[in-house]
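# Summary of the model geometry
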Amino acid sequence: MTRAYRAELVKLLRRRVLLLTVVVAAAFAALGASLVLAAAQPASAPSAVPGRVATVESLSRAGGGTEVFRLAVSFAGVFVFVVFVGAMAAEFARGTFRTMLLREPRRVRLLAGKLAALLTYAAAALALTMAATWLVALLRAPSVGVDTGSWASLAALRAAAGDLGAVLLWVTGYAVLGTALAVLLRSVPVALAVGIAWAGPFEHLVQDAWSPASRTFPGLLLEAFVAGGTPDVSAGRALATVGTYAAVAALVAAVVVSRRDVAT
C-alpha cells in the first residue's frame, strides 16, 4: 500500500497538476464566496433556509469565514464525485492498473493506496481553497453587512478545523462511492455518465417528488451533512447513513477488484 501511495503522489505532484489545482482553488474561492455572501439574509427573513442559505448573523460569528467555504462546497458535490470516478475508471480503461500490479500484486492494497494518495492531495487542495475563500469573503463581507471582527480569533481557528474536517469527511464519502462505481464499470465514459446522471439530476428530481429521498440517497445526504444539516435530516444522521453506504461500497469494491479479471 505504501508503494502505491507514493507512486500516486508522484503523479499528483507534477507541475501541471499543481498549477491546475491552484487555478481551480482561486476560481472557486472567488465564485463560491461571492455567491454565498450574495445569498446571505437576516435570520428573521422568511425565505432563509437553514443549512442551505447563510444568515448575516451566523456569518458574523467567529466561524463565519469558514462557514462560507463549507456552504460553497456543498454545491460542488457532483464535481467532486466526477473527479474521483474519472480518476479511478481511467486506471482500468488505460490498463495502468494492470501494469501496476506487476509491482504491487495485492490488488486491494494497491487500490487503497491510490485512494489514500488522492485523499491526501484533496486534503491539501481543500485547505488551500478554504484559505483563499476565507480571504475573498473577508474582503467582500462588509459590503453585505457581515461583521468580520471575530474571524481571526482563536474560536475562529477552532471553527476552521471543524469545518475542514467536515469537508474532508464529505470528500471521503464521494471518493469511496466514486471508486466503487469506477471499479464496477471500468469504462470512463460509462462511469462518468452514470455518476453525473445519478448525483446530478436524478437524486434531485426524485427529491422533488418523494420527500424521503433527502434521508435516503447518498448524494443528498452528503449535501446535507456538509451544509451542517437541513430541515429534512440532521448532520449526524446524514453522516451515519452515508457511512453505512461507504462501508458497503468499499466492501463491494474490494471484492470485485480482488476477484475480477483486470484485463477486462
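Refer to the structure printed above.
First, a word on what this report is: a plain description of the structure on this page.

What counts as what
- Residues numbered from 1 in each chain as written.
- Predicted model: local features only at pLDDT ≥ 70, side-chain atom pairs only at ≥ 80, totals over all residues.
- Heavy atoms only, no water.
- Salt bridge = Lys/Arg side-chain N within 4 Å of Asp/Glu carboxyl O.
- Helix = DSSP H or I, 4+ residues; strand = E, 2+ residues; numbered from the N terminus.
- Buried < 20%, exposed > 50% of the residue type's maximum accessible area, 1.4 Å probe, protein only.
- Axes fitted to C-alpha atoms, helices over the stretch in contact; angles between N-to-C directions.
- Parallel < 35°, antiparallel > 145°, perpendicular 65-115°, else oblique.
- Left-handed = near helix turned anticlockwise from the far one by under 90°.
- Contact = heavy atoms within 4.5 Å.
- Core = buried A, V, L, I, M, F, W, Y, C linked by side-chain atoms within 4.5 Å.
- Nonpolar A, V, L, I, M, F, W, Y, C, P; charged D, E, K, R; others polar.
- Phe/Tyr/Trp six-rings, centres within 6.5 Å; stacked < 30°, edge-to-face > 60°.
- Patch = residues over 30% accessible without salt bridge, like charges linked within 9 Å, V, L, I, M, F, W, Y side chains within 5 Å.
- Areas by Shrake-Rupley, 256 points an atom, 1.4 Å probe, with all protein chains shown as cover.
- Expected span 1.5 Å × (residues − 1).

Another aspect to go through is the pattern of salt bridges. Tallied over the entire structure, the rule returns five salt bridges. The closest approach of N and O atoms between E8 and K114, which form a salt bridge, is 2.5 Å. Note that E8 is positioned in helix 1 (residues 2-12) and K114 in helix 7 (residues 107-140), a separation of 106 residues in sequence. The partner of R70 in a salt bridge is D163, with the nearest N and O atoms 3.1 Å apart. Of the two residues, R70 sits in helix 4 (residues 64-73) while D163 sits in helix 8 (residues 154-185), which places them 93 residues apart along the sequence. According to the relative accessible area criterion, R70 is buried, its value standing at 16%. Connected through salt bridges with shared partners, the residues E8, K11, E91 and K114 form a single ionic network.

Another aspect to go through is the packing of helix 10 (residues 218-226) against helix 11 (residues 235-259). Interhelical geometry of helix 10 versus helix 11 gives an angle of 140 degrees and a closest axis separation of 8 Å. One way to sum up the angle between helix 10 and helix 11 is to call them oblique. In this structure, helix 10 meets helix 11 at a crossing whose hand is left-handed. In this structure, helix 10 contributes P218, L221, L222, A224 and F225 to the contact, and helix 11 contributes A235, A238, L239, T241, V242 and Y245.

A separate point is the nonpolar core. Formed by 53 residues in total, the largest nonpolar core has its most connected members in V167, W170 and V171. Broken down by secondary-structure element, the contributors of at least two residues to this core are helix 1, helix 4, helix 5 (77-93), helix 7, helix 8, helix 9 (188-209), helix 10 and helix 11. If you tally residues by element for this core, the top one is helix 8, at 14 residues. Setting aside residues no more than four positions away along its own chain, W170 makes contact with V73, A76, G77, V80, L222, E223, F225 and V226. Counting residues in hydrophobic clusters, the runner-up holds 15 residues, among them L37, A137, W151 and A227.

On to the packing of helix 8 against helix 11, then. It is at 9 Å that the axes of helix 8 and helix 11 come closest, and there the two elements cross at 30 degrees. The two elements helix 8 and helix 11 cross, and the hand of that crossing is left-handed. Here L169, V176, L177, A180, V183 and L184 of helix 8 lie close against helix 11, whose contacting residues are L239, Y245, A246, A249, A250, V252, A253, V256 and V257. Of the residues contributing to the contact of helix 8 with helix 11, the split by class is 15 nonpolar, no polar and no charged.

In the structure shown here, the tally under the stated rule is seven aromatic pairs. An angle of 50 degrees between the planes, with centres 5.9 Å apart, marks the rings of F81 and Y174 as tilted. With F81 in helix 5 and Y174 in helix 8, this pair connects stretches of sequence that are 93 residues apart. Judged by its relative accessible area of 7%, F81 is buried.

Together, L184, L185, V190, V194, V248 and V252 line one region of the surface with nonpolar side chains, adding up to about 420 Å² of accessible area. Examined against the element boundaries, V248 turns out to sit in helix 11.

Another aspect to go through is helix 11. With 25 residues, helix 11 ought to run about 36 Å at 1.5 Å a step, and its terminal C-alpha atoms sit 36 Å apart, in line with that. All of the buried residues in helix 11 are A235, A238, V242, A246, A249, A253, V256 and V257. Buried residues in helix 11 make contact with helix 5, helix 6 (96-100), helix 7, helix 8 and helix 10.

Such coordinate-based values are descriptive only and should not be taken to indicate function.
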